[in-house]
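# Tertiary structure, described
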Amino acid sequence: MKHQSILVIDFGGQYNQLIARRVRECNVYAEVVSYTDGMKRIKELNPAGIIFTGGPNSVYDPESPHCEKEMLELGIPVLGICYGAQMMAHLLGGVVETAPVSEYGSTVVSVASDAVLLKDISAETVCWMSHTDYISSVPEGFKITALTPVCPVAAMENTEKKFYAVQFHPEVMHTEEGIKVIRNFVYNVCGCTGDWKMDSFVETSIREIREKVGSGKALCALSGGVDSSVAAVLMSKAIGKQLTCVFVDHGLLRKNEGDEVEAVFGSDGPYDLNFVRVNAQQRFYDKLAGVTEPEQKRKIIGEEFIRVFEEEAKKIGAVDFLVQGTIYPDVIESGLGKSAVIKSHHNVGGLPDHVDFKEIIEPLRMLFKDEVRKAGLELGIPENLVYRQPFPGPGLGIRIIGEVTEEKIRIVQDADYIYREEIAKAGLDRGLGQYFAALTNMRSVGVMGDFRTYDYAVALRAVNTSDFMTADAAQIPWEVLGKVTNRIVNEVKGVNRVLYDCTSKPPGTIEFE
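Let us look at the structure shown here.

What counts, and where the lines are drawn
- Residues numbered from 1 in each chain as written.
- Predicted model: local features only at pLDDT ≥ 70, side-chain atom pairs only at ≥ 80, totals over all residues.
- Heavy atoms only, no water.
- Buried < 20%, exposed > 50% of the residue type's maximum accessible area, 1.4 Å probe, protein only.
- Helix = DSSP H or I, 4+ residues; strand = E, 2+ residues; numbered from the N terminus.
- Arc of directions from axis to C-beta.
- Contact = heavy atoms within 4.5 Å.
- Salt bridge = Lys/Arg side-chain N within 4 Å of Asp/Glu carboxyl O.
- 1 Å grid on protein atoms, 1.4 Å probe; cavity = no way out; pocket = protein on both sides within 12 Å on 5 of 7 lines; lining within 4 Å.
- Points joined across faces, edges and corners; volume = space filled by probe spheres on them.
- Nonpolar A, V, L, I, M, F, W, Y, C, P; charged D, E, K, R; others polar.
- Pairing = 2+ DSSP bridges.
- Axes fitted to C-alpha atoms, helices over the stretch in contact; angles between N-to-C directions.
- Parallel < 35°, antiparallel > 145°, perpendicular 65-115°, else oblique.
- Left-handed = near helix turned anticlockwise from the far one by under 90°.
- Phe/Tyr/Trp six-rings, centres within 6.5 Å; stacked < 30°, edge-to-face > 60°.

### Observations regarding helix H7 (residues 257-265)
If you check which residues of H7 are buried, you get Glu257, Gly258, Val261, Val264 and Phe265. Down the axis of H7, the buried side of the element spans an arc of 130°, and every buried residue falls inside it. Turned more than 90 degrees away from the buried face of H7, the exposed residues are Asp259 and Ala263. In the core, the buried residues of H7 are packed alongside helix H6 (226-239), strand E11 (243-249), strand E12 (274-279) and helix H12 (383-386).

Structural data, given as structure tokens:
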């Protein structure tokens, strides 16, 4: 890695990837690794700074995740956040214990005027707290730089050693001046210059891809979504006709989407790609028959994807590389070290044990969603494609709760089409992070005309998000929801009830399964 970098050491916190995202917002490269791999990656990466994440455990519990004290003896600046702050205190001789009063949610924090990490932060600032333990006594050489009425050490620092710690979460949007804290650490403490930019990423990636592929052939898994589209164009810029893009229509796409993808990337489209469309709808339906467990559905879809690609590769001839549009949140949510698996992504945790290719190339693997969009624009991809609504690799398979059937697919396709159409008519489409219709497994009694019905309930979802790692439910105008509801109930056979999902992420996810 030629860029300056910040290494984020994950202790199982729910915001680990968000910390890395905030660092990258400062144009500094950041990477998340498990605490079990910390020292190994430090030696490989030689980071300008280290950040310890939060976590659900208590540092004084012998079974809780701990890092080597050696990490604090390397002369590299370290920032501890929440559990990471307590870890720092614990390793250096401070005292961490159960707090008399737990803090959760938005909290007013009093800040010392001469704090290095908290430079230019208001004397009274709103921060997001989430802890039951606290630092009751700081280690030798540390100065307390922030507190709350019930938390005596909301922040502490040892400027000589370049150790800094905050009990609150600067990475979440609820901490009003959190990005200033991150910037102060990466620039003022670590001395970073901000050399992580999309133009350099694209240029470097094209060169590295050419070197890796050489005279070989590559097969790109093209879904038509933002991630795989950017990956395909990036690969095309690098190796041209050595790339074949295979689009698998698994029958779990949005209404008319298969034809739309072919129109963009096929022979009549603007890109000089070898494009192959495989219609494999029935094959996927047969594999998913009777399956209701979300993780099993994801893994089935992921494995079947690979098998289709292997078959297409044999038709094409010798293919050395499989290209996928995997992005960084996919990798982290699929499980990092000993962190919990949030959900397996079909192109990460869902891969089968045997893949009939020499190597998998994932050119976007270390990018967040908004970085992928920036790379797409840098590659000259039109805005309407770059800002296309995100769509999960497993498709409608994870927007249908319970067993996937052709009838359910038809229902959710039609309902989703109506929803997206009305959102666009209302001029709300570009302002929302993601919106879609899903099919619940709930059936309820209704009345249509003079007849009793017993049909499905459709759930509508719309969120506002800047990074797809945290999200708030969007407040869609009631008249828009009313129009969508009336159209779905009247036009989509098998639906008699429409619900709106008001859940944020966390505790929910953006998708349903």
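On we go from here.
### Side note on the pattern of salt bridges
Considering all chains together, one arrives at 28 salt bridges under this definition. Linking lysine 212 and glutamate 359 is a salt bridge whose minimum nitrogen-to-oxygen distance equals 2.7 Å. On the criterion of sequence distance, the pair formed by lysine 212 in helix H5 (residues 198-213) and glutamate 359 in strand E14 (residues 359-361) is long-range, its members being 147 residues apart. Residue class for lysine 212 comes out partly exposed when judged on its relative accessible area of 43%.

### Here's the deal with empty space enclosed by the protein
One pass over the structure, following the stated rule, counts three cavities of 30 Å³ or more. Within this model, the second largest cavity holds a volume of roughly 110 Å³. If you go around the second largest cavity, you meet 14 residues; those closest to its centre are Ser223, Gly225, Leu253, Phe391 and Pro392. Tallied by class, residues from the lining of the second largest cavity come to seven nonpolar, five polar and two charged.

### Topic: the sheet that holds E12
Read across the open sheet, the five strands follow the order E12-E11-E10-E13-E14; overall the sheet is parallel. Each of the sheet's edge strands pairs with one partner strand only, and the pair in question is E12 and E14. This sheet shows a mean twist of 25° between the axes of neighbouring strands, independent of strand direction. Where strand E10 (residues 218-221) and strand E13 (residues 321-323) come together, three bridges link them in parallel fashion. Bridge pairing in E13 links cysteine 220 to valine 323.

### Observations concerning the pairing of strand E4 (residues 78-81)
Side chains Val78 and Gly80 of E4 all project onto a buried face; the interleaved residues Leu79 and Ile81 project onto the opposite face, where all are buried too. Two strands pair when backbone bridges link them, and E4 and strand E9 (residues 163-166) are joined in this way by four bridges, in the parallel orientation. By the bridge assignment, isoleucine 81 is partnered in E9 with valine 166.

### Quick notes on the packing of helix H1 (residues 16-25) against helix H4 (residues 178-189)
One way to put it is that H1 packs onto H4 with a least axis distance of 9 Å and a crossing angle of 70°. One finds that H1 runs roughly perpendicular with respect to H4. As H1 runs across H4, the sense of the crossing is right-handed. In contact with Arg22, Val23 and Glu25 of H1, H4 contributes Ile179, Ile182 and Val186.

### Here's the deal with the sheet that holds strand E7 (residues 143-147)
Strand order across the open sheet formed by nine strands is E2-E1-E3-E4-E9-E8-E7-E5-E6, with mixed pairing between neighbours. Edge positions in the open sheet fall to strand E2 (29-34) and strand E6 (124-137), since each of these has one partner strand only. Geometrically, the sheet is characterised by an average inter-axis angle of 20° between neighbouring strands, direction not taken into account. Its contacts with the sheet place H4 against strand E1 (5-10), strand E3 (49-52), E4 and E9, and it is angled at close to 155° to E3.

### Regarding the packing of aromatic side chains
Applying the stated criterion across every chain yields a total of eleven aromatic pairs. Taking the centre distance of 5.5 Å and the plane angle of 85° together, the rings of phenylalanine 11 and phenylalanine 52 count as edge-to-face. Of the two residues, phenylalanine 11 is situated in the loop between E1 and H1 and phenylalanine 52 in strand E3; the sequence distance between them amounts to 41 residues. When its relative accessible area of 0% is taken as the criterion, phenylalanine 52 is described as buried. Judged by centre distance (6.1 Å) and plane angle (75°), the ring pair of phenylalanine 436 and phenylalanine 512 falls under edge-to-face. Of this pair, phenylalanine 436 sits in strand E15 (residues 434-448) while phenylalanine 512 is found in the segment after strand E18 (495-500), placing the two residues 76 residues apart along the sequence.

### Focus: the side chain of asparagine 184
Take asparagine 184: it is sitting in helix H4. Other than its neighbours up to four places away in sequence, asparagine 184 contacts Val116, Leu117, Leu118, Lys119 and Val189.

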